[in-house]
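Letter by letter, the chains look like this.
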Amino acid sequence: MDATAMPSATPALPAGAAPVVDIQGLWTVFGRGESEVVIHRDLALQVRRGEVLTLVGGSGTGKTVLLRQMLGLEHPARGSVQVLGQPAAELGRQGASSRVGMLFQQGALFSAFSVLDNIAFALRELGTLPADVVTDAAYVKLQMVGLGPQHAHKRPSDLSGGMIKRVALARALIMDPPLLLLDEPTAGLDPHASDDFCDLLKDLHAELGLTVIMVTHDLDTLFALSTRVAVLASQKVLFTDTPRVVAGLDHPFIHDFFQGERGRRAMAPAPTQAPTQASSTL
């Protein structure tokens, strides 16, 4: 399929449906004068309510930078970033974690805090609920991510990689935000732990009605979770569509990313096991 035949903009939303994230005319520029580097140039992207949108692109295309701009941690040189109907810059105000949850690549847990204190951190800092209510809410989120109360008082150093991801996810969800950002959610996990974490994310996405924006290089994770894929290349979002449509486009990055051995393996249908015939005895 010829890449030039595909639209570069996100397809129009249904009438009356406001996007959860609306980025228009975005420029990201680092440095000044001769050292100036343009990362994004007139980039546009809309994220629909309830979908799982995955950002992919080569090194230096600004995928994580874009997540940070959605969080209001970085500001574009030009253009607008609207999140849940508000400028992303306003997310830095008190209560931001009630609107957007963030799962960082390595978990980013506080090493001196227990599991329960890590999960409860944002709710406790808000200072509007009694301590016992905050503790109960943290236990509920711990159970929600598949961990029992026996892990509540462990330190991050006592946890496996998969457990760290689960605790970090519970912390991201403590304020029940409608939008969840994931930066390489399965990085560093073995295949079994990665599959389990993808299953957990799928269940929570459906149960909580989350909108999810994810950056990942793991094709198994991408195909397991994504509703749509947005390809960052040439300083903007070139294509957005379903994973299999994007994987079939004729573009150098897409060809290298999706159509190598890893991509073919991730897209291959699951093998079906032939039924075994019971041997008969006379």
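Coordinates for the structure precede this section.
First, a word on scope: everything that follows refers to the structure included in this document. (Residues numbered from 1 in each chain as written. Predicted model: local features only at pLDDT ≥ 70, side-chain atom pairs only at ≥ 80, totals over all residues. Heavy atoms only, no water.)

### Here's the deal with the pairing of strand 10 (residues 236-241)
The sheet contact formed by strand 9 (residues 228-233) and strand 10 spans five bridges and is antiparallel. Its bridge partner being in strand 10, leucine 232 is matched across the sheet by valine 237. The turn joining strand 9 and strand 10, which pair antiparallel and follow one another in sequence, is formed by two residues; a positive phi near 55° is taken by serine 234. (Pairing = 2+ DSSP bridges. Helix = DSSP H or I, 4+ residues; strand = E, 2+ residues; numbered from the N terminus.)

### Topic: empty space enclosed by the protein
Applying the stated criterion to the full structure yields one cavity of 30 Å³ or more. Lining the largest cavity are Leu169, Leu173, Leu180, Leu201, Leu204, His205, Leu210 and Val212. Top contributing element to the lining of the largest cavity by residue count: helix 5 (residues 191-208), with three residues. Residues that form the lining of the largest cavity fall into these classes: seven nonpolar, one polar and no charged. (1 Å grid on protein atoms, 1.4 Å probe; cavity = no way out; pocket = protein on both sides within 12 Å on 5 of 7 lines; lining within 4 Å. Points joined across faces, edges and corners; volume = space filled by probe spheres on them. Nonpolar A, V, L, I, M, F, W, Y, C, P; charged D, E, K, R; others polar.)

### Some points on the packing of aromatic side chains
Scanning all chains against the criterion turns up six aromatic pairs. When the ring of phenylalanine 110 is compared with that of phenylalanine 121, the centres are 4.9 Å apart and the planes differ by 50°; the resulting orientation is tilted. Of this pair, phenylalanine 110 sits in the loop between strand 6 (100-103) and helix 2 (115-126) while phenylalanine 121 is found in helix 2, placing the two residues eleven residues apart along the sequence. Taking the relative accessible area as the measure of exposure, phenylalanine 110 reaches 35% and is therefore partly exposed. Where phenylalanine 113 meets phenylalanine 121, the ring centres are 6.1 Å apart and the plane angle is 40°; that geometry is what we call tilted. Relative accessible area serves as the criterion here: at 31%, phenylalanine 113 is assigned to the partly exposed category. (Phe/Tyr/Trp six-rings, centres within 6.5 Å; stacked < 30°, edge-to-face > 60°. Buried < 20%, exposed > 50% of the residue type's maximum accessible area, 1.4 Å probe, protein only.)

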